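# Breakdown of the fold
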Amino acid sequence: MSIFSVMRRPRWIATLVLALAVAGGFAALGQWQLDRAVSTGTVVNDQTEQVRPLTDVAQPQAPVVETQAAQRVSVPGHFVASGYDVLGGRLNDGADGFWVIGQFAVDSPADTYLAVALGWTPQAEEALATAQALAANAGSVSETLVGRYLPTEAPVLSDDQKPLVGVESLSGGPIQTTMSVSTLINQWPEFDQAADVYGGYVVTDTPPVGLDVISSPEPSRSVELNWLNIFYAAEWVVFAGFAIYLWYRLVRDTWEREQEEAADNAPDARVG
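Residues numbered from 1 in each chain as written. Predicted model: local features only at pLDDT ≥ 70, side-chain atom pairs only at ≥ 80, totals over all residues. Heavy atoms only, no water.

Under an unreviewed UniProt entry, the name given to the protein chain is SURF1-like protein, and the source organism is Herbiconiux aconitum. UniProt, in the comment section headed Subcellular location (unreviewed entry), describes the protein chain in these words: "Cell membrane". Under the UniProt heading Sequence similarities (unreviewed entry), the entry covering the protein chain gives this text: "Belongs to the SURF1 family." (UniProt positions renumbered as here; feature names shortened; annotations may be inferred.)

Pasting the structure below:
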């Protein structure tokens, strides 16, 4: 008697159907884990390079969420003369330097402000001179900014300020190193508690004369797989294979036991 004759018995055919159903369920769970591995690594916003009005992207007094971060935006308004300043310790394509930043009063909604990063330079003196010149020439002439909208940074002062002994920001304090909106609104003379402010800031595409463009590349579009989900998917495949193997092992055990019983009941076995 061959093992295949045991496999063809109704009992074991029914057991095979059950094992295949269990394996199919495990395979479906593995497929779900694979889908999760891809979906959790997909790009949240793939339209960041399309310039959109800031009012369509974000609202004042609201944090920058993942779907808004790095979106290129346009916003009409004018710069506030007293809102220019300098940040230190800013890397631009790997080079250390300074940002010139400004306070931008948006046209709509009224009494709302936006922090703006205007340009980069490797020299503190040049950054301060540019900020002072912009403040001296600032007016209420409306313009439309175009740039990338980014989340605010944490308000931290850096030890990198130590080489700048005797150099102060336009606000009179030490030169800060982070683009913190919460810190800036405490430094802007023309800002009161009744005013609104955007939770992020804009890096402009066109810097003032004498400054370099601040590097703000578009987000990576590559999809990184979630390897934990892939590991779980592989586990479910192993479980599916084990369900089929368990059925085969049970059939084989039955066949081997019947073979042993047949051998024990054979005439030669009884004579011995």
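## Considerations on the overall build of the protein chain
Within the protein chain one finds seven helices and seven strands. If you list the helices and strands of the protein chain from N to C, you get α-α-β-α-β-β-β-β-α-β-α-β-α-α. Across the 272 residues in the protein chain, those meeting the buried criterion constitute 36%. Of all intrachain contacts in the protein chain linking residues separated by at least 6 positions in sequence, the fraction that spans at least 24 positions is 74%. Of the roughly 15,100 Å² that the protein chain leaves accessible, carbon and sulfur atoms contribute 58%. (Helix = DSSP H or I, 4+ residues; strand = E, 2+ residues; numbered from the N terminus. Buried < 20%, exposed > 50% of the residue type's maximum accessible area, 1.4 Å probe, protein only. Contact = heavy atoms within 4.5 Å. Areas by Shrake-Rupley, 256 points an atom, 1.4 Å probe, with all protein chains shown as cover.)

## Quick notes on the pattern of salt bridges
When charged atoms on two side chains of opposite charge get close, those side chains can pair. This model, assessed by the stated rule, comprises seven salt bridges. Note that Asp 253 and Arg 249 form a salt bridge whose closest N and O atoms lie 3.0 Å from each other. With Asp 253 and Arg 249 both in helix H6 (residues 227-264), this residue pair falls four residues apart, about one helical turn. Classification of Asp 253 by relative accessible area gives partly exposed; the value is 32%. You can call Arg 249 partly exposed: its relative accessible area is 28%. Between Arg 249 and Glu 256 there is a salt bridge, with the nearest N and O atoms lying 3.7 Å from each other. Taken together, the salt bridges that share partners define one network made up of Arg 249, Arg 252, Asp 253 and Glu 256. (Salt bridge = Lys/Arg side-chain N within 4 Å of Asp/Glu carboxyl O.)

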